[in-house]
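Reading the structure
Next come the chains, spelled out residue by residue.
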Amino acid sequence: MIRIVDVRSKLVQLRLAQRAGERHAGASEHRWGRISCHQTGNYCYYQSRRGNATEEDVRKEFSFFPTSPPRNRSCLGFLLFGFFCHPFLLKKKGPLWKGHVCANEAFKARKFSLAINLYTKAIELNPNNAVYWANRAFAHTKLEEYGSSIQDASKAIEIDPKYSKGYYRRGAAYLAMGKFKDALKDFQQLKRICPNDPDAAKKLKECEKAVMKLKFEEAISVPESERRSIADAIDFRTIDVEPQYSGARIEGDVVTLEFVKKMMEDFKNQKSLHKRYAYQIVLQTREMLRSLPSLVDIDIPHGTHFTVCGDVHGQFYDLLNIFELNGLPSEENPYLFNGDFVDRGSFSLEVILTLFAFKCMSPSAIYLARGNHESKSMNKIYGFEGEVRSKLSEAFVELFAEVFCCLPLGHVLAGKVFVVHGGLFSVDGVKLSDIRSIDRFCEPPEEGLMCEILWSDPQPMPGRGPSKRGVGLSFGADVTKKFLQDNNLDLVVRSHEVKDEGYEIEHEGKLITVFSAPNYCDQMGNKGAFIRFEAPDLKPNIVTFSAVPHPDVKPMAYANNFLRLFS
């Protein structure tokens, strides 16, 4: 019998240390014999060597616990997947002993990283099974690792050119990356393989619509050199506010704390802000952001603190919870929000207007960095564009796109902590001066320093590798160490990746990922986190928190129709 236990919490680690090699607490009454403990990565496998229990026995005895199990059931947060997870058991014959069964159970429990590890074990035992590759591709998609998903789906197609799910998985990954023409080819092939499948026909039709829309937009687009700023054409002072409007109001040109509080309370009650004030906030923020360098230096005086938050992704009610836990932004309680404010969550407009309003109220109370989702291509797919069009107007869609190009790419805290959304670079020797000199006032390119800042991810192996997302790269601890040494820095803080505990410390303690959208997309079950740095030592104090309830508006409610079909 195998139990899989998440060992990331200190309490679980302590209990594992106490129990490793001992008889499992509570298991002495069972007929399955002595339990041995094997830790792999973030999970611990508790294994009974007798293996004489049936699957029904195991499920009756332990079942699934989404939160903490009773005290006599050992550690916190375990999942039981039967007895097919250990490599020596994977070799057994019969449906109960196949590794992919356990991986499927992990997938159903939304433990996608674990599912990927288990599908990998199944692939190692049988590398010519297209199903395993396609299933692992699907798990990669759930973690937004679209590059890895495309690779796995391509392998499934190579093994079995008539395996329909291979084309389905790869096409879905291409769509998620905005590569509509590549996706169209896969769905056309899917339709040829399954000519009578109505679902395949529906997917193909939606993909064809997306490609036609893309061609139309390309045909009517204005060259960049001829494009006028929409901000220059807007005068919010000429917009009248109707007498019956009862929401938050800005008196004159000054955004006050009282206004921001009233606006947040209105948003909390699902009330709208008048477009006059929305224009005023966005335009004032644009002017402030335009004046900033691409890499902003932030001084943190002795005896003060500074808070860094990761991705929020339109989860407005969780943003309010951060402020409840850590206080509102002010000069005495400053924040840095490290990109990906919008998309996926269906309250992205409320999030961005709140952050921009605090910036207008007090520029030194809040700092904002660009993430990969502050871009036209992502907003078009993942919901922000549709949400803004629905709640405000088409003009605001263009205005936000313009303002996002003004966001700085990174920050340096007290000369020692380097903070960017994604990660580091494909070449050694990058200096902070190189980042400061980036011309950021554009849509993100597909390669180069700006692309890598927004898209890259750390990896456990040394050196550099291809990006699991299909954009940017993966970089190891040696890359992080050299970058810090070259620039006299102590720590890299980045966001960009959902983490079960809301954060992860990697690369020998020199890199921290922080993610501030708990229960991401209402399905991942993760915690959120933020980091408080205390000057002068800048020791990171990580605070985790759980998701809070929100109105019954599903994530991706404003996303493109074709993407919702695959969600």
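Residues numbered from 1 in each chain as written. Predicted model: local features only at pLDDT ≥ 70, side-chain atom pairs only at ≥ 80, totals over all residues. Heavy atoms only, no water.

**A look at the sheet that holds strand β17 (residues 528-534)**
Read across the sheet, five strands follow the order β8-β7-β6-β17-β18 without closing on themselves; strand pairing throughout is mixed. Both outer strands of the open sheet, β8 (366-368) and β18 (539-545), are each paired with one neighbouring strand and no more. When strand polarity is set aside, the average angle formed by the axes of neighbouring strands in this sheet is 20°. Relative to strand β7 (residues 335-337), strand β6 (residues 305-309) is paired through three bridges, and the arrangement is parallel. The residue of β7 that forms the bridge with V308 is L336. (Pairing = 2+ DSSP bridges. Helix = DSSP H or I, 4+ residues; strand = E, 2+ residues; numbered from the N terminus. Axes fitted to C-alpha atoms, helices over the stretch in contact; angles between N-to-C directions.)

**So, the nonpolar core**
The biggest cluster of nonpolar side chains holds 59 residues, and the ones touching the most others in it are L273, I281, F337, I352, L353, L399 and F400. Examining the composition of this core, we find that nine residues originate from one element, helix α14 (residues 348-361), more than from any other. Filtering out sequence-adjacent residues up to four positions away, I352 remains in contact with F341, V342, F384, F400 and F404. One finds M177, F180, L190 and A200 within the second-largest nonpolar core, a separate group that totals 51 residues. (Core = buried A, V, L, I, M, F, W, Y, C linked by side-chain atoms within 4.5 Å. Buried < 20%, exposed > 50% of the residue type's maximum accessible area, 1.4 Å probe, protein only. Contact = heavy atoms within 4.5 Å.)

**Quick notes on the pattern of salt bridges**
Counted under the stated rule, the structure contains 29 salt bridges. R136 serves as the salt-bridge partner of D152, at 2.6 Å between the closest nitrogen and oxygen. With D152 in helix α7 (residues 146-159) and R136 in helix α6 (residues 130-142), this pair connects stretches of sequence that are 16 residues apart. Taken individually, D152 and R136 each receive the classification buried, so the pair is uniform in this respect. A salt bridge links E497 to R494, with the nearest nitrogen and oxygen atoms 2.6 Å apart. The residues E497 and R494 share a single accessibility class, namely buried. Salt bridges sharing partners connect three or more residues here, namely E145, D457, K468, R469, R494, E497, K499 and E504. (Salt bridge = Lys/Arg side-chain N within 4 Å of Asp/Glu carboxyl O.)

**So, the sheet that holds strand β16 (residues 511-514)**
Sheet architecture is open: six strands sit in the order β5-β9-β10-β14-β16-β15, paired in mixed fashion. Each edge of the open sheet is held by one strand with a lone partner, namely β5 (295-298) and β15 (503-506). On average, each strand axis in the sheet is inclined to that of its neighbour by 20°, with strand direction left out of account.

**Topic: the packing of aromatic side chains**
If you walk through the whole model with that rule in mind, you get 22 aromatic pairs. Their ring planes at 20° and their centres at 3.9 Å tell us that Y279 and F396 sit as a pair that is stacked. Within this pair, whereas Y279 is found in helix α12 (residues 275-290), its partner F396 is found in helix α17 (residues 394-404), the two being separated by 117 residues in sequence. Residue Y279 is classed as buried on the basis of its relative accessible area, which comes to 8%. Among the residues examined, F396 registers a relative accessible area of 0% and is labelled buried. When the ring of F323 is compared with that of F337, the centres are 6.3 Å apart and the planes differ by 80°; the resulting orientation is edge-to-face. Highlighted residues: F323 in helix α13 (residues 316-326) and F337 in strand β7, separated in sequence by 14 residues. Both residues of the pair, F323 and F337, count as buried. Here the basic side chain of K155 rests over the ring of W133, its NZ or CZ set 6.0 Å away from the ring centre. Looking at K359, its charged tip hangs above the ring of Y367, at a distance of 4.7 Å from the centre. (Phe/Tyr/Trp six-rings, centres within 6.5 Å; stacked < 30°, edge-to-face > 60°. Lys NZ or Arg CZ within 6 Å of the ring centre and 35° of its normal.)

**Overview of the confidence of the model for the protein**
Looking at the protein as a whole, the pLDDT averages 84, with 80% of positions reaching at least 70. Predicted confidence for residues 1-98 stays below pLDDT 50, and this span has 206 contacts to residues more than four positions away or in other chains. (pLDDT = per-residue confidence, 0-100.)

**A look at the packing of α12 against α14**
Pairs of packed helices are described in terms of their axes, by the angle between the two and the distance that separates them. Relative to each other, α12 and α14 sit at 60°, their axes nearing to 9 Å. With respect to α14, the axis of α12 lies oblique. Our pair here, α12 against α14, has a crossing hand that is left-handed. When α12 is examined against α14, the residues A278, I281, V282, Q284, T285 and M288 are found in contact with a partner set consisting of L353, F356, A357, K359 and C360. Residues of the contact of α12 with α14, tallied by class, amount to eight nonpolar, two polar and one charged. (Parallel < 35°, antiparallel > 145°, perpendicular 65-115°, else oblique. Left-handed = near helix turned anticlockwise from the far one by under 90°. Nonpolar A, V, L, I, M, F, W, Y, C, P; charged D, E, K, R; others polar.)

**Here's the deal with the environment of I234**
Its location among the elements puts I234 in the loop between α10 (198-220) and α11 (257-268). Other than its neighbours up to four places away in sequence, I234 contacts Y279, L283 and L399.

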